[in-house]
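In case you want the letters, here they are:
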Amino acid sequence: MSAPKPQELLKISHRPPRTGWMDTPVQFRRGTWCYPGKARSLEVLDLPFPRQWSPEDDDWKLPPNWKEIVLEGLRERLHRFRSLQIFMDACVRCGACADKCHFFIGSGDPKNMPVLRAELLRSVYRREFTAAGKLLGRMVGARDLDERVLKEWFYYFFQCTECRRCSVFCPFGIDTAEITIIARELLNLLGLNVDWIATPIANCYRTGNHLGLLPHAFKDMVDFCVEEIQNVTGVGIEPTFNRKGAEILFVAPSGDVFADPGIYTFMGYLMLFHAIGLDYTLSTYASEGGNFGLFTSHEVMKRLNAKIYAEAKRLGVKWIIGGECGHMWRVLHQYMDTMNGPADFLEEPVSPITGTRFENARSTRMVHICEFTADLMKHGRLNLDPSRNDHLVVTFHDSCNPSRAMGLLDEPRYIIRNVCRHFFDMPENTIREYTFCCGSGAGLGPDENLEMRLRGGLPRANAVKYVHEKYGVNTLACICAIDRAALPPLMDYWVPGVGVTGVHELVGNALILPDEDERTTDLRGNPLPQPAGTGDPSGPGVSDLDEPGGPGPRSGPNTAPGREA
Ligand code: SF4
Ligand code: SF4
């Protein structure tokens, strides 16, 4: 699917329609919605009402009692989730969130304002579940649920990436992402999902990963990464699979195993573990850390997540490390231990290299790879040559879930500062908790939705453009597999000349392995920069940061970081 030229997309009108929002029907314009979930994928998951349908059709082939199903579903969820009840009642429509959503900024569509997105559901809640709404109807912002409303829900709740940026600005802490999650659950009760979500979760259910690849294919791809590492470094690495009795189970998003540029990040993980002699194993059953169930329902999320603890138990590992992923970490950090735990068959994670006890993972028993690596760096346990990344002028995109859903803000920057000499942060209202979404998360990444993705990604791209033009930034680092898939086309469109990398790809470049050959290329096969003295010693720019060091991991002694073992 091709998109309009950037100059066209930049003509964003923020003039509201002439008709009120309740009287402005949704229009399914090509390029701004995702294809519906295939019937066979819904069948694999035993989800209700699998069928062929299209948002463009008048008749969505809804079951005759669809309204009762949705209202009963809403009633049940109001009872089950106190936060939902509060979010339905507490909004005073102050508008503080209105201009904070990247989809509103990039599209100008008022129904992409978080406050109005939530009103799409809240208006039905008022009508059905409040006395004022029952008596006064539209006067108090209440409306009946009908097919027009349902179609609007499908369009706009699949135009929310559940990024939570709006919630940071709400004085009441209303989280529109959670409203979207519930609205999507209600839509799923009628078999209304998008295929970029439904088919990956069906694949995951059948084979353990979103891409549906079988265990031997998973192993083949890891073997391919091992060969590539050997080509670049001369070092042979022998990861193990499904090994009982390993100390640690390592689970990555499958995008890192199968897709470019994620595979370079995966090579970085393998090189790191080899360098420190970690006793770990990969699993061909828990071969996916990502969890598209989060974009479907709590129930599906729980089912997909369960395999990680089940596999950790079967293999008898002590604890788990998880790779660079976005929504994977929202599920792990916010739901996993209560949803599928307690994991009392595992031990509280302790780094076998530094002795650091990861107290923040006491309950999940699962540590983020960035916490693990930052701790190694802080204790001087890695031999690093950051000059190997001198051809890269790097900025860092805080992926929405690790930043806002788990507060992982400093560790990735700390790692980058130890392995790169040219790092520049984007403007502060676009990073850390205020980060802008890539525009393709929460299952909105298919090509048929490209125009909406490019619109939603505009604020992120705009901030990258700023540091690209000011400091010559040519590399956008991130810690999310969806970002690694979504940001390259976004950069090509809005900021050509900026590539995308995972943080552990940068680590892999800088890491000096025992017995390695002299390297001539980085992990992608690009020639390494000239050694100091043969070129411009200042490299492509100067860092906006002082000495490597900084805040370090969230646990462990406060010792000075070292670059060399
Ligand atoms: S900031 Fe909060 S209270 Fe204000 S309109 Fe948005 S959701 Fe409602
Ligand atoms: S969660 Fe993100 S995408 Fe959804 S309304 Fe809020 S800012 Fe927009």
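Keep in mind the model is a prediction, meaning the values are calculated, not measured. (Residues numbered from 1 in each chain as written. Chains lettered and ligands numbered in written order. Predicted model: local features only at pLDDT ≥ 70, side-chain atom pairs only at ≥ 80, totals over all residues. Heavy atoms only, no water.)

Caption draft 1: Structural context of the overall build of the chain. Scanning the chain from N- to C-terminus turns up 23 helices and 7 strands. At 24 Å, the chain has a C-alpha radius of gyration in line with the 24 Å of a compact globule built from 565 residues. Expressed along its principal axes, the backbone C-alpha trace of the chain runs to roughly 75 × 50 × 40 Å. Counting across all 565 residues of the chain, residues that qualify as buried make up 61%. By element, 50% of the accessible surface of the chain is carried by carbon and sulfur atoms, the whole surface being about 21700 Å². If you average the places of the 62 positive and of the 70 negative side-chain charges in the chain, the two averages end up 7 Å apart. (Helix = DSSP H or I, 4+ residues; strand = E, 2+ residues; numbered from the N terminus. Rg over C-alpha atoms; globule rule 2.2 N^0.38 Å. Buried < 20%, exposed > 50% of the residue type's maximum accessible area, 1.4 Å probe, protein only. Areas by Shrake-Rupley, 256 points an atom, 1.4 Å probe, with all protein chains shown as cover. Lys, Arg positive; Asp, Glu negative; His and termini not counted. Charge placed at Lys NZ, Arg CZ, Asp CG, Glu CD.)

Caption draft 2: Region of the structure containing the pairing of strand β7 (residues 499-502). With 4 bridges connecting them, strand β6 (residues 475-478) and β7 associate as parallel partners. Within β7, the residue paired with T475 across the bridge is G499. Following the chain from β6 across helix α22 (residues 481-494) to the adjacent parallel β7, one finds a crossover that is right-handed. (Pairing = 2+ DSSP bridges. Right-handed = clockwise from strand over helix to strand, strands pointing away.)

Caption draft 3: Quick look at the pattern of salt bridges. Taken as a whole and judged by the stated rule, the model has 35 salt bridges. Note that E469 is salt-bridged to K465, the shortest N-O span being 2.8 Å. Of the two residues, E469 and K465 are both situated in helix α21 (residues 458-471); the distance of 4 residues between them amounts to about one turn of the helix. On the basis of relative accessible area, E469 is assigned to the exposed category, the value being 56%. Linked by salt bridges that have partners in common, R93, E119, R122 and R126 make up one network. (Salt bridge = Lys/Arg side-chain N within 4 Å of Asp/Glu carboxyl O.)

Caption draft 4: Geometry of empty space enclosed by the protein. In total, this model carries 6 cavities of 30 Å³ or more according to the counting rule given. In this structure, the largest cavity occupies an estimated 150 Å³ of space. If you list the elements that add at least two residues to the lining of the largest cavity, you get α18 (400-405) and α22. Considering each element in turn, the lining of the largest cavity owes the most residues, 3 residues, to α18. When its residues are assigned to classes, the lining of the largest cavity shows 9 nonpolar, 7 polar and 1 charged. Reported here for the second largest cavity is a volume of approximately 130 Å³. (1 Å grid on protein atoms, 1.4 Å probe; cavity = no way out; pocket = protein on both sides within 12 Å on 5 of 7 lines; lining within 4 Å. Points joined across faces, edges and corners; volume = space filled by probe spheres on them. Nonpolar A, V, L, I, M, F, W, Y, C, P; charged D, E, K, R; others polar.)

Caption draft 5: A look at the environment of I197. Mapped onto the elements of the fold, I197 is located in helix α11 (residues 195-207). For the pair formed by I197 and G443, sequence separation is 246 residues and the distance between their alpha carbons is 5.4 Å. For I197, the residues in contact, after removing those within four places along its chain, are F158, R184, F292, F295, T296, A442 and G443. (Contact = heavy atoms within 4.5 Å.)

Caption draft 6: Here's a closer look at the nonpolar core. Within the largest apolar cluster, 101 residues are counted, with the highest numbers of intra-cluster contacts made by W153, F154, L192, M491 and W494. Once residues within four sequence positions are removed from consideration, W494 is found in contact with P6, L9, L10, L454, L458, A461 and K465. If you look at the next biggest cluster of nonpolar residues, it comprises 78 residues, including F218, F273, W329 and L506. (Core = buried A, V, L, I, M, F, W, Y, C linked by side-chain atoms within 4.5 Å.)

Caption draft 7: Representation of the site of ligand 1. Every residue lining ligand 1 is accounted for by C91, V92, R93, C94, G95, A96, C97, V115, C170, P171, F172 and I174. Its atoms largely coinciding with the cavity grid, ligand 1 occupies the second largest cavity. (Near = heavy atom within 4 Å. Sits in = over half its atoms within 2 Å of the grid points.)

Caption draft 8: Focus on the site of ligand 2. All residues in the neighbourhood of ligand 2 are listed as C101, H102, P114, R117, C160, T161, E162, C163, R164, C166, T176 and A177. Only α6 (114-129) and α10 (176-188) provide two or more residues apiece to the shell around ligand 2. Looking at the shell around ligand 2 residue by residue, the classes come out as 6 nonpolar, 3 polar and 3 charged.

Caption draft 9: Representation of the confidence of the model for the chain within the structure. Put simply, the chain has an average pLDDT of 93, and 94% of its residues get 70 or more. Predicted confidence is poor over residues 534-542, with pLDDT under 50, and the contacts of this stretch with residues over four places away or in other chains come to 9 contacts. Within the model, the stretch residues 544-565 combines pLDDT values under 50 with 72 contacts to residues more than four positions away or in other chains. (pLDDT = per-residue confidence, 0-100.)

Caption draft 10: Spotlight on the sheet that holds strand β5 (residues 394-396). The strand order β5-β6-β7 describes an open sheet built from 3 strands, whose pairing is parallel. In this open sheet, the two strands that pair with only one neighbour each are β5 and β7. For this sheet, the mean angle separating the axes of adjacent strands, direction not counted, is 35 degrees. (Axes fitted to C-alpha atoms, helices over the stretch in contact; angles between N-to-C directions.)

Caption draft 11: Molecular detail of the packing of aromatic side chains. Applying the stated rule across the entire model yields 25 aromatic pairs. Plain terms: the ring middles of Y125 and F129 are 6.0 Å apart, the flat faces sit at 15 degrees to each other, and that makes the pair stacked. On the criterion of helical spacing, the pair formed by Y125 and F129 is a turn pair, its members being 4 residues apart in helix α6. Judged by relative accessible area, which is 4%, Y125 ranks as buried. For F129, a relative accessible area of 22% translates into the label partly exposed. (Phe/Tyr/Trp six-rings, centres within 6.5 Å; stacked < 30°, edge-to-face > 60°.)

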